[in-house]
There are 2 protein chains.
Amino acid sequence: MTAKTRSRGTSDKPTSFDIAARAGVSQPTVSRALRGDPTVSAATRMRIEAIAHQLNYKVDKNASSLRRGQTMTLALLFFEDPLPDGTYINPFFLSMLGSILRTCAARGYDLLTSFQHLSADWHMDYEDSRKADGIILLGYGDYEVYKARLEALRAQGTHFVRWGAVDPDGLATTIGSDNIAGGRAAGEHLIARGRRRVAFIGQADDHYPEFRDRYHGMAQALRAAGLAVDPGLHADSLSVEQGGYDAMQRLLVRGIPFDALFAASDLIALGAMRALAEAGLRVPADVSVVGFDDIPAAATTQPSLTTVAQDYRLAGEVLVDTLLRRIADQPTQASLLLPRLVVRGSS
Amino acid sequence: MTAKTRSRGTSDKPTSFDIAARAGVSQPTVSRALRGDPTVSAATRMRIEAIAHQLNYKVDKNASSLRRGQTMTLALLFFEDPLPDGTYINPFFLSMLGSILRTCAARGYDLLTSFQHLSADWHMDYEDSRKADGIILLGYGDYEVYKARLEALRAQGTHFVRWGAVDPDGLATTIGSDNIAGGRAAGEHLIARGRRRVAFIGQADDHYPEFRDRYHGMAQALRAAGLAVDPGLHADSLSVEQGGYDAMQRLLVRGIPFDALFAASDLIALGAMRALAEAGLRVPADVSVVGFDDIPAAATTQPSLTTVAQDYRLAGEVLVDTLLRRIADQPTQASLLLPRLVVRGSS
DNA sequence: AAGCGCAAGGCATACGTATTCACGCGACCC
DNA sequence: GGGTCGCGTGAATACGTATGCCTTGCGCTT
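Just so you know, these numbers come straight off a predicted model, no measurement behind them.

**Q** Any details on the sheet that holds strand S9 (residues 288–293) of chain A? Residues and values, ideally.
**A** Residue and element names in this part refer to chain A. Taken in spatial order, the 6 strands of this open sheet run S7-S6-S8-S9-S10-S12, and their pairing is mixed. At either margin of the open sheet sits one strand with a lone partner, and together these are strand S7 (234–235) and strand S12 (340–342). Relative to S9, strand S8 (residues 260–263) is paired through 3 bridges, and the arrangement is parallel. Bridge pairing in S9 places phenylalanine 262 opposite valine 290. Along the sheet face, helix H7 (residues 179–192) touches strand S6 (198–201), S8, S9, strand S10 (306–309) and S12 and points at about 165° away from the line of S9.

**Q** A description of the protein's contact with DNA strand C should follow, citing residues and the corresponding values.
**A** Close to DNA strand C lie 27 residues; Ser26 and Thr29 of chain A together with Ser16, Tyr57 and Arg67 of chain B are nearest. Sugar and phosphate atoms constitute 59% of the interface atoms of DNA strand C, taking the interface as everything within 4 Å of the protein. Serine 16 of chain B is positioned with one of its side-chain polar atoms (N or O) 2.4 Å from a phosphate oxygen of DNA strand C. Side-chain polar atom of serine 31 of chain B to a phosphate oxygen of DNA strand C: 2.8 Å apart, as the coordinates give it. Looking at the surface near DNA strand C, the elements with two or more residues in it are helix H2 (27–34) and helix H4 (61–68) of chain A together with helix H1 (16–23), helix H2 (27–34) and helix H4 (61–68) of chain B. Its residues assigned to classes, the surface near DNA strand C shows 8 nonpolar, 10 polar and 9 charged.

**Q** Break down the sheet that holds strand S9 (residues 288–293) of chain B for me, citing the residues and quoting the values.
**A** All names here are of chain B. Taken in spatial order, the 6 strands make up an open sheet running S7-S6-S8-S9-S10-S12, and their pairing is mixed. What marks the edges here is a single partner per strand, and that holds for strand S7 (234–235) and strand S12 (340–342). Each of strand S6 (198–201), strand S8 (260–263) and S9 touches helix H8 (residues 209–224); the most contacted strand, S6, lies at about 175° to it.

**Q** Run through the protein's contact with DNA strand D, naming residues and quoting values.
**A** Close to DNA strand D lie 28 residues, the nearest being Ser16, Tyr57 and Arg67 of chain A together with Thr29 and Thr44 of chain B. Sugar and phosphate atoms constitute 58% of the interface atoms of DNA strand D, taking the interface as everything within 4 Å of the protein. A distance of 2.2 Å is found between a phosphate oxygen of DNA strand D and a side-chain nitrogen or oxygen belonging to tyrosine 57 of chain A. Contact between DNA strand D and alanine 63 of chain A: a base nitrogen at 3.5 Å from a main-chain N or O atom of the residue. Secondary-structure elements contributing two or more residues to the surface near DNA strand D are helix H1 (16–23), H2 and H4 of chain A together with H2 and H4 of chain B. Residue classes in the surface near DNA strand D are distributed as 8 nonpolar, 11 polar and 9 charged.

Definitions and cut-offs
The numbering scheme is per chain: residues are counted from 1 as the chain's sequence reads. The naming scheme follows written order: chains are lettered A onward, ligands numbered 1 onward. Whole-chain, interface and lining totals are the exception, using all residues; otherwise, since this is a predicted model, local features are given only for residues with pLDDT of at least 70 and side-chain atom pairs are given and counted only at 80 or more. Side-chain calculation: all heavy atoms of the structure are included, whereas hydrogens and water are not. One requirement defines pairing of two strands: DSSP has to find at least two bridges between them. Each helix is a run of DSSP H or I of at least 4 residues and each strand a run of E of at least 2, with the numbering of both proceeding from the N terminus. Here, residues are in contact when the closest pair of their heavy atoms is within 4.5 Å. Axes here refer to lines fitted to C-alpha atoms; in helices the fit is confined to the stretch in contact. Angles between the N-to-C directions go from 0 to 180 degrees. Summary of the distance rule: residues count as near a molecule or strand when at least one heavy atom falls within 4 Å of that molecule or strand. Pairs of N or O atoms within 3.5 Å make up the polar contacts considered here, provided that, within protein, one atom can donate a hydrogen while the other can accept it, and that residues adjacent in sequence are counted only when both atoms are side-chain atoms. Basically, the charged four are Asp, Glu, Lys and Arg, the nonpolar ten are Ala, Val, Leu, Ile, Met, Phe, Trp, Tyr, Cys and Pro, and anything else, Gly included, counts as polar.

Below you can see the structure in the form of structure tokens.
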């Protein structure tokens, strides 16, 4: 019994040495065979594969990652402003999670998932600690807060991509919807429905570039039609249902008349519609409502919600593929995905 | 320059040897210091920690996992029956995801997420390939289909826990709600509201033990009150919104009168309420509706949905902690969590 | 017939950490 | 004052895989 041939109990996981011993070859040959190295003859490879399968042998990913310097794993980091319910995750991002999982699987990668609040320390050491080859950042939140973190990540040479407003300073790591075009489509739709006074709920300042762009797109459409953009019809809100509800109540208290609402997200729209219903206003008879995202609930609420759909499916694919190109040191570019207006009952 | 002191470019990640060299100690001392081994003197440890922090040193988890034989990672596996939209994940499980993520983080574990259809091959080799120390299984679906897989997992000695109906054959790896008690609570509530003829939508057969138990709990309550359980008022449905919608339409076509609906899940309830509204029936005036799960949308739909809330927060904690006890070879037991009736506008 | 080239696979080693064992040294005991 | 103990640390090695380099054997060339 040589030093390399350890006796093994039945419960121990087999190693490439076990396969090698049973196949009458050396351990490196097993490694080469299973990785498809052409220097291993077909006969040998098939024999090794048969034995490996029979023993239920699986390559030890830790050893493999250690040796190869890559983990075949991506990390997904959700982040959000702190919210009352700590376990809350935006439904749109959850939809994207499915697409990302699918794409990762198709590319042979695993996905490590994490989530945390913007205010907390970012323990984004997945790549530093070599558990992942790159990071996908997903979240809405105060862009100013984490801009510095992004710079630090880039300075470290960490591989990452981000979903959000495409950054003006040219980070080629950002994938996002064309929020201006989406906002414009919403505005044009409301105008075509004969609406003249469009309210907006959502943050429209530079800390929330996505929402700001949606607002500006809508405002563009109004101005192009010769309509006024009344700052009095804008109410701030975080992208949560309760926020939309509260904002709509504040809007109603102001008493400025409006006949349409463009909400910065579907969650806001749902909350606002709840407040409208309580106030005795009918949707869409009294107020037309358009949201943004097309979360699953949008199709089934009463009335169903007209919204600007973001293509989460494509988004997930582009995020993963862009990240993989980054990891492979291939050139990447920021991507602007075109959102699509979905007309339903609320308008 | 010894063999152990490699020259390193600025971009290379530092290793414990680098820390050791700068601290004037050996590599093992660095390892001990950073793991809090008391045999390292406080002075030495602090010096090492300072240098490690300064160089942004992170332990290489691959090397660490390889050496220690554990990964400090858990795998989460969503599974469902194949659905039209491939990226769909049940919102209740998504809520649980947040809780699981939080608990994992609190216990120092990372979470590897995956999801797939029941019909596909289960590539559940995370533990075999040593990427995870254990597996959390999350999903509704045909229990008969994967029962054999669970047996195989157990035979392999894989560490796993499962959310679902507590298994009669005594797998001490199952965490679930007390669905019978939940169904009974729903039934008693409807009876207290003066309802006499309660319809049920959802699968109530042995392939879906959770839903079956909910049905039987409700039936118990009816019988205890001397009310009839009419099989004609039961319609099958997958746990998706559209399924509830379709099932309610079928129910209405039958023409058997009913004044209440107990839905096996909130998604079903939402779909059913949509069908009721389209049929001109008012909730709760004509039909009281009670769901199950308490997904986020339940609180905000119009009318808001009375439902049997599952404590996803506690569920996530119990799942993780039970799995960790399994991994540590400590005794575990199946847990039945008590659901809680949340009365809202639909009843 | 000797040399050459190529195919197939073995040998040695590196990846970075954690642990076992051994060692030096001061204190303490009798 | 010599043995003993324990504290703090270093030396050596194992974890399992992947790869650069070398060896072997065989067919073929000139």
